[in-house]
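Chain by chain, the residues:
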Amino acid sequence: NSTSSNYPNTATIDKNITLLPVIAGVNVYPEYIADGALIVDDVAGCIIDYGSSETILANYAEANNQAPVKIHDYRNKLIMPGFIDTHVHYPQIDMIAAYGEQLLDWLNNYTFVTEANFADPKIAHDTAQFFLNQLMANGTTSAMVFCTSHPQSAEAFFTESHRLNTRMITGNVLMDKNAPEHLCVPAEQSIQDTQNIINNWHGRGRQHVAITPRFAITSTPKQLQLAGELYASYDNVYLQTHLAENRDEMAFVRKLYPKHKGYLDVYEDMGLLGRYTTLAHGIYLETAEYERLRATGTQIAHCPTSNLFLGSGLFDLPKTLSYTSVSIATDVGAGTSLSMLVTLSEAYKVQQLQNNQLSAHQGLYQITLGNAQSLMLDDKIGNFMPNKEADFVVIDMAATPLLERRIAQTKTLEERLFVLMMLGDDRVIDETVIAGVSRYKKVATA
Ligand code: GUN
Ligand code: ZN
């Protein structure tokens with residue numbers, strides 16, 4: 001697919017073009033090119049073409065009349081599309097790995113305590129900056145993110161993301177009951193805060209807004225209803241919340257909403273379901289609820305390290321996939337790693353416990369194009385199709401002595417990718433490129 005018609009007009013080229021030998025584009029089908037090249041327009045920030053380096057270099061030289069290009073040689077490295085995390089809490093980076101509790105006590109004893117700090121815009125900015133750098137150090141280039149209930153926490157996150165030019169989705173968290181008073185914002189005010197954030201950020205550069213009720217327990221019916229009305233008034237504003245994660249949570253929701261058919265029915269009744277909705281977890285669902293997910297086009301974000309860390313339960317991947325789209329996510333700070341590779345390895349183990357398998361092809365597809373599709377962003381990110389945004393990671397498959405030794409024993413690509421999925425983490429990420437601009441480089445160790 002390296003036709004020269006994809007190349008820009010020679011006369012207009014005065015930009016740096018990046019060439020990358022050795023790529024693996026995770027396409028609609030897994031596609032691996034042993035000696036590949038990726039051509040990036042680093043001014044427009046998009047992919048121009050990819051393919052075998054021989055063809056690409058020859059075609060490019062011809063179309064470009066031998067004009068000089070900047071060549072980055074990543075010999076012996078693997079280039080993949082940037083990873084996408086569909087559910088993560090940036091303020092919780094400060095309380096990741098908090099001991100001893102399951103969901104509801106964990107929220108009360110640790111989470112709400114930390115989230116209170118984000119009333120301070122300086123803490124919000126510093127933490128957003130640290131968090132975004134950590135995402136890139138883990139190869140993650142896009143994410144759907146929770147802030148806190150303070151509008152300044154969302155403002156800080158968008159400001160930092162816009163500066164880095166990362167494609168991100170977030171919004172202020174809606175809570176108006178069953179949480180400390182200083183974290184509760186009355187229904188009308190909280191929705192006005194979200195409206196202001198939409199006006200300011202939705203569609204600005206690479207930023208998108210998500211209406212973000214925390215979960216059924218911490219919102220009044222009024223707040224959920226207003227959230228649903230706001231969601232209905234836009235075509236492409238997102239909505240994110242949590243669903244059916246923990247048994248005590250399930251019982252609490254049943255007590256709060258005795259007349260509803262179940263947890264999902266509360267959200268459906270309030271108008272919160274749809275193609276732009278992401279519900280994290282969905283461990284405890286009835287067949288009728290899976291059917292409503294399908295009917296409304298609502299997707300589930302599976303968060304394996306979180307489900308294991310909080311002892312929430314085992315996610316039924318095959319069953320959920322038979323009804324709707326499933327993305328994969330870290331859910332830090334209940335999740336224990338920002339690495340999508342670590343997350344895949346834990347997802348593999350969660351499926352093993354239920355006698356299902358998750359292949360490396362399926363896993364790596366999911367954290368790139370699959371998650372892009374779940375977030376309705378696959379026209380922009382997720383693989384290396386010409387004109388998509390140039391978000392990619394440079395992976396060192398020999399980053400540690402163990403990886404180098406184990407990879408040397410492999411015979412097939414599938415085997416190598418599985419070893420990467422099981423043993424890889426932030427150490428394998430050599431470089432992360434955002435819209436054609438290198439934003440993270442691993443510090444060389446002696
Ligand atoms: N349910 C409601 N809030 C949260 C949260 O912050 N993390 C997780 N894992 N579940 C939640
Ligand atoms: Zn969460």
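Residues numbered from 1 in each chain as written. Chains lettered and ligands numbered in written order. Predicted model: local features only at pLDDT ≥ 70, side-chain atom pairs only at ≥ 80, totals over all residues. Heavy atoms only, no water.

**Regarding a nonpolar patch on the surface**
Phase 1: Where nonpolar side chains cluster on the molecular surface, the patch consists of Leu 308, Leu 314 and Leu 353 and spans about 270 Å² of accessible area.
Phase 2: Here Leu 314 is to be found in the loop between α10 (304-309) and α11 (317-321).
Phase 3: We classify Leu 314 as partly exposed; its relative accessible area is 36%. (Patch = residues over 30% accessible without salt bridge, like charges linked within 9 Å, V, L, I, M, F, W, Y side chains within 5 Å. Areas by Shrake-Rupley, 256 points an atom, 1.4 Å probe, with all protein chains shown as cover. Salt bridge = Lys/Arg side-chain N within 4 Å of Asp/Glu carboxyl O. Helix = DSSP H or I, 4+ residues; strand = E, 2+ residues; numbered from the N terminus. Buried < 20%, exposed > 50% of the residue type's maximum accessible area, 1.4 Å probe, protein only.)

**Things to note about the sheet that holds strand β7 (residues 78-81)**
Phase 1: Taken in spatial order, the four strands make up an open sheet running β7-β17-β18-β19, and their pairing is antiparallel. Each edge of the open sheet carries a strand with a single partner, namely β7 and β19 (437-441). Looking at each pair of strands side by side, their axes are set apart by 25 degrees on average, direction ignored.
Phase 2: Relative to strand β17 (residues 392-395), β7 runs antiparallel, the two being bridged by four bridges. Paired with Ile 79 across the bridge in β17 is Val 394. (Pairing = 2+ DSSP bridges. Axes fitted to C-alpha atoms, helices over the stretch in contact; angles between N-to-C directions.)

**Structural notes on the coordination of the zinc ion (ligand 2)**
Phase 1: Donor atoms from the polypeptide that coordinate the zinc ion (ligand 2) comprise His 87 (NE2), His 89 (NE2), His 242 (NE2) and Asp 331 (OD), at 2.0 to 2.2 Å from the metal.
Phase 2: Metal-centred angles of 91 to 164 degrees between the four donor atoms at the zinc ion (ligand 2) mark the site as irregular.
Phase 3: Its relative accessible area of 0% is what places His 87 among the buried residues.
Phase 4: Owing to a relative accessible area of 3%, Asp 331 belongs among the buried residues under this scheme. (Donors = N, O, S within 2.8 Å, 3.2 Å for Na, K, Ca; no water. Tetrahedral: all angles 85-135°; square planar, octahedral: opposite > 155°, others 65-115°.)

**Describing the nonpolar core**
Phase 1: Residues Tyr 90 and Ile 395 are the most contacted members of the largest nonpolar core, which totals 113 residues.
Phase 2: Take this core: its biggest share by element is seven residues, from helix α3 (residues 121-137).
Phase 3: Residues lining this core come from more than one domain, with at least three contributed by each of domain 1 (4-81 + 384-441) and domain 2 (83-374).
Phase 4: With residues up to four places along the chain from it excluded, the contact list for Ile 395 reads Lys 77, Leu 78, Met 80, Phe 83, Leu 420, Val 428 and Ile 429.
Phase 5: Within the second largest apolar cluster, 12 residues are counted, among which are Ile 33, Leu 38, Ile 79 and Val 433. (Core = buried A, V, L, I, M, F, W, Y, C linked by side-chain atoms within 4.5 Å. Domains from an automatic or database assignment. Contact = heavy atoms within 4.5 Å.)

**What about the site of ligand 1?**
Phase 1: Taken together, 13 residues lie around ligand 1, and His 89, Gln 92, Arg 214, Glu 245 and Asp 331 are the ones closest in.
Phase 2: The side chain of Gln 92 places a nitrogen or oxygen atom 2.9 Å from an oxygen atom of ligand 1.
Phase 3: Between ligand 1 and Asp 331, the relevant distance is 2.8 Å, taken from a nitrogen atom to a side-chain nitrogen or oxygen of the residue.
Phase 4: In isolation ligand 1 has 280 Å² of accessible area, and contact with the protein removes 100% of it.
Phase 5: For the shell around ligand 1, the element with the highest residue contribution is helix α2 (residues 103-115), accounting for three residues.
Phase 6: In terms of residue class, the shell around ligand 1 is made up of five nonpolar, five polar and three charged. (Near = heavy atom within 4 Å. Polar contact = N/O pair within 3.5 Å; in protein donor to acceptor, adjacent residues only side chain to side chain. Nonpolar A, V, L, I, M, F, W, Y, C, P; charged D, E, K, R; others polar.)

**Re the domain arrangement of the protein chain**
Phase 1: We note that the domain assignment places domain 1 (4-81 + 384-441) and domain 2 (83-374) within the protein chain.
Phase 2: Inter-centroid distance (C-alpha atoms) of domain 1 to domain 2 is 31 Å.
Phase 3: The interface is formed by 28 residues belonging to domain 1 together with 29 residues belonging to domain 2.
Phase 4: For the domain 1 and domain 2 pair, buried surface summed over both sides reaches about 2500 Å², with 68% attributable to carbon and sulfur atoms.
Phase 5: The largest share of the area that domain 1 buries against domain 2 comes from Met 421, Ile 434 and Arg 439, three residues that together contribute 24% of it.
Phase 6: Summed over the shared surface of domain 1 and domain 2, the number is three salt bridges.
Phase 7: As a salt-bridge pair, Glu 389 and Arg 206 come within 2.5 Å of each other at their nearest N and O atoms.
Phase 8: Applying the counting criterion to the domain 1 and domain 2 interface returns six residue pairs in polar contact (both at pLDDT 80 or more). (Buried area = accessible area lost by both parts, 1.4 Å probe.)

**As for the packing of aromatic side chains**
Phase 1: Evaluated as defined, the whole model comprises 10 aromatic pairs.
Phase 2: Ring centres 5.0 Å apart and planes at 65 degrees place the aromatic pair Tyr 348 and Phe 418 in the edge-to-face group. One end of the pair, Tyr 348, is in helix α12 (residues 340-352); the other, Phe 418, is in helix α15 (residues 413-423), with 70 residues separating them in the sequence.
Phase 3: The partly exposed category is assigned to Phe 418, whose relative accessible area is 27%.
Phase 4: For the ring pair Phe 384 and Phe 392, a centre distance of 6.4 Å and an interplane angle of 85 degrees mean the geometry is edge-to-face. For the pair Phe 384 and Phe 392, one class covers both residues: buried.
Phase 5: Its guanidinium or amino end placed over the ring of Trp 201, Arg 204 lies 3.9 Å from that ring's centre, counting from NZ or CZ. (Phe/Tyr/Trp six-rings, centres within 6.5 Å; stacked < 30°, edge-to-face > 60°. Lys NZ or Arg CZ within 6 Å of the ring centre and 35° of its normal.)

**Some remarks on α12**
Phase 1: Here α12 contains 13 residues, and its C-alpha end-to-end distance of 18 Å stays within 8% of the 18 Å for a straight helix at 1.5 Å per residue.
Phase 2: Among the 13 residues that make up α12, 10 are buried, leaving the element largely enclosed by the rest of the structure.
Phase 3: Taken together, the buried positions of α12 are Met 340, Leu 341, Thr 343, Leu 344, Ser 345, Glu 346, Ala 347, Tyr 348, Val 350 and Gln 351.
Phase 4: N-capping of α12 is provided by Ser 339, with a side-chain oxygen placed 3.1 Å from the backbone N of Leu 341. (Expected span 1.5 Å × (residues − 1).)

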